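A structural walkthrough
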Amino acid sequence: MALKGVNIEVHEKEIVTLIGSNGAGKTTTLMGISNLIRKRSGRITFYDWDITNEKPHRIVQMGLCHVPEGRQIFPYLTVEENLRMGVFGNYHLRNKRRVLEESLEQVYMLFPILRERRKQLGGTLSGGEQQMLAIGRGLMLQPKLMMLDEPSLGLAPVIVEQIFELLLRIREMGTTILLIEQNANMALQIADRGYVLELGQIVLSGKAKDLAFDSRVKSAYLGLSC
Amino acid sequence: MAIGYSIILGVVGLVTFVHGEVIVYGAFTGFYTLLLSRGNVALALLAGFAASWILGVVVNKICYQPFQQRGREVALIATIGLSITLRSSAQVLFGTQQKFMPDMFQNRFFALGDIRIAYTQVFVFAVVFGLCLLLQRIITKTYFGMALRAVSMNKKAAALLGLDVNRAILLGNALACGLGGISGVLLGMYYNAIHPLMGASMAMKAFTATVFGGLGSITGAAIGGFLLGIFENFAVAMLSSGYRDIVAFLILIAVLIAKPSGIMGRRGVELS
């Protein structure tokens with residue numbers, strides 16, 4: 001997937017969503033930010049740092065966490081081990097037991113179901129629980145910015161709603177969120193601002209409320225005719 | 001040795017053909033250390049570990065890192081090439097003759113009923129057992145071990161958690177090779193002899209044990225190695241010693257046909 005002229009800005013404490021249909025380049029955009037794929041040109045900055053060519057693990061250590069598409073949890077580790085894995089990127093955390101336990105406690109508070117299942121292997125969880133685990137694992141890093149790639153993928157609408165409500169709570173706790181979604185309707189409900197990606201280009205951007213009522217977005221992504 | 005194989009396979013996601021040579025170099029380093037230090041076994045084991053550890057880093061730099069973006073078979077073939085190079089150099093460096101490893105217990109043994117057990121055998125078994133326990137602890141309890149497991153399960157996710165995947169692969173491979181070095185020294189002590197060409201058949205046996213136990217499973221590799229040894233010795237006892245290797249490879253073929261995932265193997269493990 002080729003991207004061209006994608007210009008996205010995320011401000012602190014915002015929820016920004018990047019919506020677009022299948023194959024529009026949403027995941028590619030995130031992979032580009034995390035530097036998991038090579039970029040031919042362009043620039044990515046995070047606070048004052050230029051992270052365009054930074055190594056992926058260094059980017060994470062700066063506080064930019066990426067919850068990948070399809071969750072990518074460790075199936076043969078228990079839930080708690082999965083969560084503990086989350087602090088790899090944060091040397092301060094992983095060497096301070098107390099802070100680590102606090103982090104863990106915080107995640108369990110947000111996702112009580114994970115506490116119940118903490119001894120279970122990650123692979124035995126349901127899809128929604130796995131998604132929660134993936135988000136929780138990202139939160140263990142205490143990131144400044146969390147990028148989520150299609151957290152609604154393959155989940156029942158009720159579960160999606162639960163997860164999106166949790167995203168609002170995570171923002172209240174002070175984490176900025178960049179949300180990539182195909183489910184534009186849901187994403188625009190919780191987001192402050194949004195970008196619409198089409199065939200590798202940003203075709204629309206603006207306040208989430210305005211986008212939700214934009215006729216082009218409606219017809220193309222929300223499945224409503226006007 | 002099989003355990004080292006299993007780690008490489010799991011972490012690097014690769015079948016390596018160079019492990020036999022790593023073992024040979026470890027064994028010879030151990031052998032010379034043993035001569036120079038007048039029979040200091042601990043030092044010999046350590047030297048064998050260190051030499052193979054370094055070799056592991058070299059293997060990583062030559063065979064794995066340059067081909068990371070390419071298919072796995074490219075790195076695989078690179079290990080074949082390196083293995084041939086190392087094997088030939090070993091003959092130049094160490095000579096083509098078999099070297100006799102001095103026995104630190106002067107071939108003493110104790111009798112258990114009709115069975116004679118050499119002290120060396122007990123020692124080898126104890127070291128292997130100790131290493132297994134240690135490894136188990138490292139893998140399950142330390143951050144390094146967690147990193148190895150994370151990388152072996154999902155490289156992409158590990159990178160997204162801030163883990164330096166390349167470094168984990170480097171260290172995992174070095175550790176595995178280091179263990180191979182120790183096993184080389186132990187093998188030399190067990191058989192009283194080492195040879196620059198012993199690597200190939202050793203590596204095939206380790207591979208068999210690994211497949212037998214289940215690819216990528218460390219416990220499986222240990223069990224596989226143990227069972228393979230028992231089967232081999234049964235073959236020697238019931239048929240003749242010439243059948244030892246035949247049995248080993250018959251097991252490999254049988255396991256591949258009947259249960260490719262091995263004893264402890266996970267079904268459909270993806271090694272990409």
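Residues numbered from 1 in each chain as written. Chains lettered and ligands numbered in written order. Predicted model: local features only at pLDDT ≥ 70, side-chain atom pairs only at ≥ 80, totals over all residues. Heavy atoms only, no water.

Brief notes about the overall build of chain A
Here is the rule we go by: Only DSSP runs of H or I reaching four residues or more are called helices, and only runs of E reaching two or more are called strands; each is numbered from the N terminus. The globule rule is 2.2 Å times the number of residues to the power 0.38, and the radius of gyration it is compared with is taken over C-alpha atoms. Any two residues having at least one pair of non-hydrogen atoms within 4.5 Å are treated as being in contact. All accessibility values rest on the Shrake-Rupley procedure with a 1.4 Å probe; residue burial counts only the protein chains present in the view. Only four residue types enter the charge count: Lys and Arg as positive, Asp and Glu as negative, with His and the chain ends excluded. By convention, the point assigned to a charge is CZ for Arg, NZ for Lys, CD for Glu and CG for Asp.
For chain A, the count of helices and strands is 11 helices and eight strands. Taking 226 residues into account, the globule formula puts the C-alpha radius of gyration at 17 Å, and chain A, at 17 Å, falls close to it. Taking the principal axes of its C-alpha atoms as reference, chain A extends roughly 50 × 40 × 30 Å. Of the contacts formed within chain A by residues at least 6 apart in sequence, a portion of 66% connects residues at least 24 apart. Accessible surface, chain A: about 11100 Å² in total, of which carbon and sulfur atoms supply 48%. Here chain A contributes 28 positively and 24 negatively charged side chains, and the mean placements of these two sets differ by 5 Å.

Re the packing of aromatic side chains
Basically, it comes down to this: Two aromatic rings from Phe, Tyr or Trp, using only the six-membered ring of Trp, form a pair when their centres are within 6.5 Å; if the ring planes differ by under 30 degrees the pair is stacked, by over 60 it is edge-to-face, and anything between is tilted. Distance and angle both matter: a charge sits over a ring if NZ of Lys or CZ of Arg is within 6 Å of the ring centre and within 35 degrees of the ring normal.
Under the criterion given, the structure shown has 11 aromatic pairs over all chains. The ring of Tyr47(A) is capped by Lys144(A), whose NZ or CZ atom sits 5.9 Å from the centre of that ring.

So, the nonpolar core
The following threshold applies: The criterion is simple. A nonpolar core is a set of buried Ala, Val, Leu, Ile, Met, Phe, Trp, Tyr and Cys residues joined through side-chain atoms within 4.5 Å. Burial here depends on accessible area, computed with a 1.4 Å probe over protein chains only, as a share of the maximum for the residue type. Under 20% is buried, over 50% is exposed, and the range in between is partly exposed. The domain boundaries here were taken from an automatic or database domain assignment.
Of all hydrophobic cores here, the largest spans 46 residues; its most connected members are Phe111(A), Ile135(A), Phe164(A) and Leu167(A). For this core, the element with the highest residue contribution is helix 8 (residues 157–172) of chain A, accounting for six residues. Residue contributions to this core reach at least three from each of two domains, namely domain 1 (1–63 + 148–226) and domain 2 (74–143) of chain A. When near neighbours in sequence (up to four residues on either side) are disregarded, Ile135(A) contacts Val67(A), Phe111(A), Met146(A), Leu148(A), Ile163(A), Leu167(A) and Ile170(A). With 31 residues, the next largest nonpolar core counts Leu34(B), Ala44(B), Leu45(B) and Leu186(B) among its residues.

Re helix 8 of chain A
Residues and elements named next belong to chain A. Condition: One fewer than the residue count of a helix, multiplied by 1.5 Å, yields its expected span. Here the arc refers to the set of directions running from the helix axis out to each C-beta atom.
The terminal C-alpha atoms of helix 8 lie 23 Å apart, and with 16 residues this matches the ideal 22 Å at 1.5 Å per residue to within 8%. If you check which residues of helix 8 are buried, you get Val-160, Ile-163, Phe-164, Leu-166, Leu-167, Ile-170 and Arg-171. With its buried residues spanning 155° around the axis, helix 8 presents them on a single face. Opposite the packed face of helix 8, turned more than 90 degrees from it, sit the exposed residues Val-158 and Glu-172. Lining the buried residues of helix 8 we find strand 1 (15–19), helix 5 (97–110), helix 7 (127–139), strand 5 (145–149), strand 6 (176–181) and helix 9 (184–190). Gly-174 sits one or two residues past helix 8 and shows a positive phi near 110°.

Quick look at the pattern of salt bridges
Residue and element names in this part refer to chain A. Short version of the rule: Every case where a carboxyl oxygen of Asp or Glu lies within 4 Å of a side-chain nitrogen of Lys or Arg is listed as a salt bridge.
Taken as a whole and judged by the stated rule, the model has 11 salt bridges over all chains. Ionic pairing is found between Asp-192 and Arg-171, a salt bridge with its closest N-O pair at 2.8 Å. Separated by 21 residues along the polypeptide, Asp-192 in the loop between helix 9 and strand 7 (193–198) and Arg-171 in helix 8 bring together distant segments of the chain. Using a relative accessible area of 30% as the deciding quantity, one classes Asp-192 as partly exposed. One network of salt bridges, in which partners are shared, links Glu-80, Arg-84, Glu-101 and Arg-118.

Structural notes on the side chain of Glu181(A)
Residue and element names in this part refer to chain A. Turning to its location among the elements, Glu-181 is positioned in strand 6. It turns out Glu-181 is buried and unbridged, and the closest side chain with the opposite charge, Lys-26, is 7.4 Å from it. If near-sequence neighbours (up to four positions away) are discounted, Glu-181 is found in contact with Thr-17, Leu-18, Ile-19, Gly-20, Lys-26, Glu-150, Pro-151, Ser-152, Phe-164 and Ala-187.

Brief notes about helix 5 of chain A
All names here are of chain A. For helix 5, with 14 residues, the first-to-last C-alpha span of 20 Å sits near the 20 Å given by 1.5 Å per residue. Of all the positions in helix 5, only Leu-100, Ser-103, Leu-104, Val-107, Tyr-108 and Leu-110 are classed as buried. The arc that holds every buried residue of helix 5, seen down its axis, measures 160°, which confines them to one face. Along helix 5, exposed side chains directed more than 90 degrees from the buried face belong to Arg-98 and Met-109.

Looking at the confidence of the model for chain B
Parts of the prediction with low pLDDT should not have their coordinates interpreted in detail. To be explicit about the condition: The pLDDT value expresses, per residue, how confident the predictor is, ranging between 0 and 100.
Within chain B, residue pLDDT values average 79, and 89% of them lie at 70 or more. Long-range and interchain partners of residues 267–272 of chain B, a stretch whose pLDDT sits below 50, account for four contacts in this model, where long-range means more than four residues apart.

Focus: the domain arrangement of chain A
All names here are of chain A. Here is the rule we go by: Put simply, buried area is the surface a 1.4 Å probe can reach on two separate parts but cannot reach once they are joined, added for both.
Partitioning chain A into structural domains gives domain 1 (1–63 + 148–226) and domain 2 (74–143). A C-alpha centroid distance of 23 Å is found between domain 1 and domain 2. On the side of domain 2, 13 residues touch domain 1, which itself brings 16 residues to the contact. Buried area between domain 1 and domain 2, both sides added, is near 1200 Å², and the carbon and sulfur share of it is 75%. Ranking the residues of domain 1 by area buried against domain 2 places Gln-61, Leu-166 and Met-173 at the top, with a combined share of 32%.

Thoughts on the sheet that holds strand 1 of chain A
Residue and element names in this part refer to chain A. To be explicit about the condition: The pairing criterion for strands is at least two bridges between them, as found by DSSP. Axis lines are fitted through C-alpha atoms, for helices just across the contact stretch, and the angle between N-to-C directions can take any value from 0 to 180 degrees.
Taken in spatial order, the six strands make up an open sheet running 4-5-6-1-7-8, and their pairing is mixed. Each edge of the open sheet carries a strand with a single partner, namely strand 4 (64–67) and strand 8 (201–207). Shown here is a sheet whose adjacent strand axes are inclined to one another by a mean of 15°, direction ignored. Sheet topology places strand 7 next to strand 8; six bridges connect them, and they run antiparallel. What sits directly across from Arg-193, in strand 8, is Lys-207.

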